[in-house]
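These are the residues of each chain, in order.
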Amino acid sequence: QVQLVESGGGLVQAGGSLRLSCVASGRTFNFMGWFLQAPGKEREFVARIMWRGGTTAYADSVKGRFTISRDNAKNTGYLQMDSLNPEDTANYYCAASASWLVTTQRRGYEYWGQGTQVTVSS
């Protein structure tokens, strides 16, 4: 059974930092991504990392503030979020794919975690 389990969300003041973790189990993946979904809005891409090689991609809104990484030995992905602002408030989802069609589109990810809430106060 494939599982992605996120943790690390919470409440933080503007300008602060959080690190999200995503533990994967059940199979190997080609790439992992993070998405966010704010209330009443569509789920949108945040960052992606290749499981082998570590190549990354980011949404323009988080470039220079967020860093995606992974620990292959622990089968865990991370999203380090710095310089947070209230507009970053959302439920953050980890997603992964075994496909060789690398993408930042939601439909390209077969597996999803349950989400972790990030709230940034002003």
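Because the structure is a prediction, the values reported are computed rather than measured. (Residues numbered from 1 in each chain as written. Predicted model: local features only at pLDDT ≥ 70, side-chain atom pairs only at ≥ 80, totals over all residues. Heavy atoms only, no water.)

**Concerning the sheet that holds strand β1 (residues 3-7)**
Paired through backbone hydrogen bonds, the strands of a sheet run either parallel or antiparallel to each other. Selection criterion: Any two strands with at least two DSSP-identified bridges between them are counted as paired. By the criteria applied, helices consist of DSSP H or I runs no shorter than four residues and strands consist of E runs no shorter than two, each listed in order from the N terminus. Orientation is described by axes fitted as lines to C-alpha atoms, over the contacting stretch for helices, and by angles from 0 to 180 degrees between their N-to-C directions.
Strand order in the open sheet formed by 4 strands is β1-β3-β8-β7, with antiparallel pairing between adjacent strands. Strands with a single pairing partner mark the edges of an open sheet, and in this sheet they are β1 and β7 (66-71). Each adjacent strand pair in this sheet contributes to an overall mean axis angle of 15 degrees, direction not counted.

**Observations concerning the side chain of Ser21**
Note the cut-off: The contact definition used throughout considers only heavy atoms, calling two residues in contact when any of these lie within 4.5 Å.
Examined against the element boundaries, Ser21 turns out to sit in strand β3 (residues 18-25). Dropping the residues within four chain positions of it, Ser21 is found in contact with Val5, Glu6, Ser7, Trp34, Thr76, Gly77 and Tyr78.

**Focus on unusual backbone geometry**
Selection rule: Classification of residues uses two cut-offs on accessible area relative to the type maximum, computed with a 1.4 Å probe and protein chains only: under 20% is buried, over 50% is exposed, and between them is partly exposed.
Backbone geometry places Asn75, a non-glycine residue, at a positive phi of 50 degrees. Secondary-structure assignment places Asn75 in the loop between β7 and β8 (76-81). Using a relative accessible area of 21% as the deciding quantity, one classes Asn75 as partly exposed. Of note, the phi angle at Ser83 is positive, near 50 degrees, even though the residue is not glycine. Along the chain, Ser83 falls in the loop between β8 and β9 (90-97).

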